[in-house]
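Okay, here's what each chain looks like letter by letter:
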Amino acid sequence: MSDKPPATPDPVIRSERIFKRFSLGQRWEHWILFLSSLILLLTGLPQKYRTAGWSQQILSTPERLEFIQAIHHITAIVLIVLALYHLGWAIILMIRRKLSDDILVHIQDIRDFGQMLAYLLFMRKKTPAFGKYNFEQKITYWFVFFGTGIMILSGLILLFPIAITHVLPGSVVPAAKLMHSTEAVVAAIFILIWHFFQVHIKRLNLSMFTGKLNEEDMRTYHALEYERLTGEETDQTGDGNS
Amino acid sequence: MTRHLTFAYLGIIILAGIFFFQVNPAASAPLEQESPPNPNLSISDEYCLGCHGQPGQTTTLGDGSILDLYVDPAVHAASIHGSQGYACVQCHTDVGEYPHPAFEAADRRSVTLQLNAVCERCHTTQFQLAHDSVHAQALAEGKTAAAVCTDCHSAHAVQDWVDQETGETLPEARLAIPETCAQCHNAIYQEYQGSVHGAALSDENNPDVPTCIDCHGVHNIEDPTTTQFRLASPQLCGDCHADPQRMTQYGISTDVMSTYVADFHGTTVSIFEKISPDQETNKPVCYDCHGVHNIKRADDPEKGLQVQENLLATCQKCHPDAEENFPAAWLSHYIPSPEKYPLVYYVNLFYKFFIPTVLGGMGILVALDASRNLINWRRKNQKPQEPPAEEPATNQPLEEPAVENAPTEESAETQAIQEELPPAADEPSTEETAND
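As a convention, each chain's residues are numbered from 1 in the sequence order in which they are written. As a convention, the first chain written is A and the first ligand written is 1, with the rest following in written order. Local features in a predicted model are, by the rule used here, given only for residues with pLDDT of at least 70; side-chain atom pairs are given and counted only at 80 or more, and totals for whole chains, interfaces and linings are based on all residues.

## Looking at the overall build of chain B
Stated precisely, the cut-off is as follows: We count a stretch as a helix when DSSP gives it H or I for four or more residues in a row; a strand needs E for two or more, and each element gets its number in order from the N terminus. Residues are called buried when their C-beta atom has 20 or more other C-beta atoms within 10 Å, exposed when it has 12 or fewer, and partly exposed otherwise; all C-beta atoms are positioned from the backbone. By the convention adopted here, residues make contact when the C-beta atoms placed from their backbones lie within 7 Å.
Summing up its helical and strand segments, chain B has 22 helices and two strands in all. Within chain B, buried positions represent 16% of all 436 residues. Partitioning the intrachain contacts of chain B with sequence separation of at least 6 by distance along the chain shows that 54% fall at a separation of at least 24.

This is the structure:
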């Protein structure tokens, strides 16, 4: 796709630039997160709804319950390692002063949200121009970030209640149980609807597979980033911040 | 035709079968009503008491022990059997005119076991129930001391323990029950007497507290050491303790059952009970914390579970490494409130607001986004030749959907096709290191 164009412009052949969006490491992180969360959800739901008939069909014997719990705990370790890797990598980048602030929440994101709302209510004709990550993607990231944090912390409390109560009051255990089981369902519903809509229904965004974004998508959905990288204007900007 | 004949024959056979079984009453004795016809009914009680009403009548048994054959006429007359006119020979069926056949038995216990079988003639239901009991089991294993009918009901002084109209145990009988069981189970009786239930029974004959039979059953007394009994026991306690009518007068919360089932231990126990009642679990049931026969008030100053050390000691039975904070991990049957377990209460409150806010807001945004995209897409299809040049003219936000304007996607698309630039893929990729 990104081969050199022929010397004379051909109306049929056109060149299109491809923008790198996610590194291989980031894509691995995403898919490990996806798979581990899915397994944790599938093994966690029957435990949450223990009194329901369908749950009792799955967890029909104590051995099965133990087996499901073993899967849950092993997968949780994978997720914890992933979270530590993610945080560790961010800290290393921060020390090297190379951590991008693309994903951080800025005042601009709140303005973008307002403008997007105006656009959706037909009070504006264009979507706002977004940077590398738009506010919707930031919501997804930070929701998962804090959700995973809550799940890991509360899960560890539930796994080691005796050790935890050596230092913390006993009521953190029932509180952790409540958080763990509630947050899981909220996060699952949120990601399922929100993320699925954003990357599959609204448009099919396969950049988590390919790591790349084509020029058209870049210009349309990440105009500011496009301008920053190419120095070219897009029709998304100019009026977007008015 | 042959088919009809077959049916007719079948019908005759069935009717004959029914008739045969109905005219064969010896097989199925009527329950509890009248004793079955007895060949010796002509023999009156006076006739028997002529000898057995005289003190000093004895016989020597196989092991050399002496069996007293005296029956106090007053005792029998005062019993439920005597007062309703049942005759000696209705139970002692094998004796008739004097001299009756000699009574032979190896020892005194054999006498009881031998004569006890006769109860089934009238009290078939109870006798059959007792046959499934832990006592009958022990008897079958050769433990002859295991209780049979007469050990609890006596032989000649049988009393009516049930109100025939309501089917309830009579108040006097409730008092007598623990003492009856105490004949063999004295150590447990002593514990029970000191418990909140036992004390209320013996002090005030409280009709609400359980006697032995309310938990263990009457005739089909179950082995209480089995896994099944253990797993089913919370329901046993719940029968009274989740009953508001019974509990309000004592100020005891009826949430004890539901809060138990909602917490770790109770959930597991109730599910084990449902799906694998044979499977052993170390999860505590009510009596693991509250005690079995020696149940005390939860606020008992010495033994009560509200005493922190007592609760910790109880936890440590299964969680030996637990320290003083640990017991609070169990909600102690409380429903979290700002006073009791505020942390749990406020976490719950947080999610009560968080869930509708987040999921509701997200749902609205997705719905708006989807409809706006759908409208855009339909407009694009309706007006495919719209010139994109019109775009910059109308920049100000509009209240009404601007039909004449092509959506942004379209203009971006048409322009992108004309792009002709050298591959600049290197440039963006240098930015990659900046990703977190």
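After presenting the structure, the write-up continues.
## Focus on the overall build of chain A
Convention followed: With C-alpha atoms as the basis for the radius of gyration, the globule rule is written as 2.2 Å multiplied by the number of residues raised to the power 0.38.
Looking only at helices and strands, chain A features 10 helices and two strands. In terms of overall dimensions, chain A is more spread out than a globule: its C-alpha atoms have a radius of gyration of 22 Å, far above the 18 Å expected for 242 residues. Along the longest, intermediate and shortest principal axes, the C-alpha atoms of chain A span 75 × 40 × 35 Å. For chain A, with 242 residues in total, the buried portion stands at 29%. In chain A, once contacts between residues fewer than 6 apart in sequence are set aside, the share between residues at least 24 apart is 63%.

## Structural notes on the environment of Lys283(B)
All names here are of chain B. The topology assignment puts Lys283 in the loop between helix 17 (264-275) and helix 18 (286-290). With 11 residues separating them along the chain, Lys283 and Phe272 place their C-alpha atoms 10.0 Å apart. Excluding residues that lie within four positions of it along the chain, Lys283 makes contacts with His265, Thr268 and Val269.

## A closer look at the packing of helix 11 (residues 186-194) of chain B against helix 12 (residues 196-204) of chain B
Residue and element names in this part refer to chain B. Let me state the cut-off plainly: Between N-to-C directions, angles span 0 to 180 degrees; the directions come from axes that are lines fitted to C-alpha atoms, helices contributing only their stretch in contact. Orientation is classified from the angle alone, with under 35 degrees giving roughly parallel, over 145 giving roughly antiparallel, 65 to 115 giving roughly perpendicular, and any other angle giving oblique. Ten residues, namely Ala, Val, Leu, Ile, Met, Phe, Trp, Tyr, Cys and Pro, are considered nonpolar, four, namely Asp, Glu, Lys and Arg, are considered charged, and the remaining ones, Gly among them, are considered polar.
Orientation of helix 11 relative to helix 12, taken along the N-to-C sense of each, is 80°, at an axis distance of 4 Å. Taken together, the axes of helix 11 and helix 12 lie roughly perpendicular to each other. From helix 11, Tyr192, Gln193 and Gly194 reach across to helix 12, where they touch Gly198, Ala199 and Ser202. Residue composition of the contact of helix 11 with helix 12, grouped by class: two nonpolar, four polar and no charged.

## As for the nonpolar core
Applied cut-off: A set of buried residues drawn from Ala, Val, Leu, Ile, Met, Phe, Trp, Tyr and Cys, joined through C-beta atoms within 7 Å, is what defines a nonpolar core. For the domain bounds, the source is a domain assignment made automatically or taken from a database.
Counting 18 residues, the largest nonpolar core has Ile157(A), Val172(A), Val173(A), Ala175(A), Ala176(A) and Ala329(B) as its most contacted members. Contributing elements (two or more residues each) for this core: helix 7 (172-201) of chain A together with helix 19 (308-316) and helix 20 (342-382) of chain B. Here this core spans two domains, since at least three of its residues come from each of domain 2 (222-335) and domain 3 (340-371) of chain B. Setting aside its immediate chain neighbours within four residues, Val173(A) contacts Ile157(A), Pro161(A), Ile164(A), Thr165(A) and Ala329(B). Residues Ala129(A), Met218(A), Ala223(A) and Leu229(A) belong to the second largest nonpolar core, which totals nine residues.

## Overview of the confidence of the model for chain B
Residue and element names in this part refer to chain B. Short version of the rule: Looking at any residue, its pLDDT shows the predictor's confidence there, from 0 to 100.
Of all residues in chain B, 78% have pLDDT values of 70 or greater, and the mean over the chain is 79. Counting interchain partners and residues more than four positions distant, the pLDDT-below-50 stretch residues 19-35 has 10 contacts. ipTM for the predicted complex: 0.83, alongside a pTM of 0.71.

## Concerning helix 1 (residues 24-48) of chain A
Residues and elements named next belong to chain A. Our working rule: Here the expected span of a helix is defined as 1.5 Å times the quantity of residues minus one.
Taking 1.5 Å per residue, 25 residues should reach 36 Å; helix 1 reaches 35 Å between its end C-alpha atoms and fits that length. Where helix 1 is concerned, the buried positions are Ser36, Ser37, Leu40, Thr43 and Gly44. If you follow the buried residues of helix 1, they end up packed against helix 3 (62-95) and helix 7.

## Details of the packing of helix 3 of chain A against helix 5 (residues 135-159) of chain A
All names here are of chain A. Quick reminder of the rule: By the definition used in this description, the sense in which the near helix is turned from the far one sets the handedness, with an anticlockwise turn below a right angle giving left-handed and a clockwise turn giving right-handed.
Relative to each other, helix 3 and helix 5 sit at 135°, their axes nearing to 11 Å. Judged by the angle between their axes, helix 3 and helix 5 are oblique. Once helix 3 is placed against helix 5, the crossing between them reads as left-handed. Each of His73, Ala76, Leu79, Ile80 and Ala83 in helix 3 lies in contact with helix 5, whose residues at this interface are Thr148, Ile152, Gly155 and Leu159. Looking at the contact of helix 3 with helix 5 residue by residue, the class counts come to six nonpolar, three polar and no charged.

## Re the environment of Arg230(B)
Along the polypeptide, Arg230(B) turns up in helix 14 (residues 227-241). As for Arg230(B) and Pro277(B), which are separated by 47 residues in sequence, their C-alpha atoms are 9.2 Å apart.

## Brief notes about helix 20 of chain B
Here is the rule we go by: In this analysis the local bend is the angle between axes fitted, respectively, to the seven residues ending at and the seven residues starting at the residue.
A rise of 1.5 Å per residue sets the reference length of helix 20 of chain B, with its 41 residues, at 60 Å; its end C-alpha atoms lie 59 Å apart and thus fit the reference within 8%. Along helix 20 of chain B, the largest kink reaches about 25° and is centred on Phe354(B); proline Pro356(B) follows within four residues of it.

## Regarding the environment of Phe209(A)
Among the structural elements, Phe209(A) can be located in helix 8 (residues 207-210). In this structure Phe209(A) comes out as exposed when scored by C-beta crowding, with 11 C-beta atoms within 10 Å.

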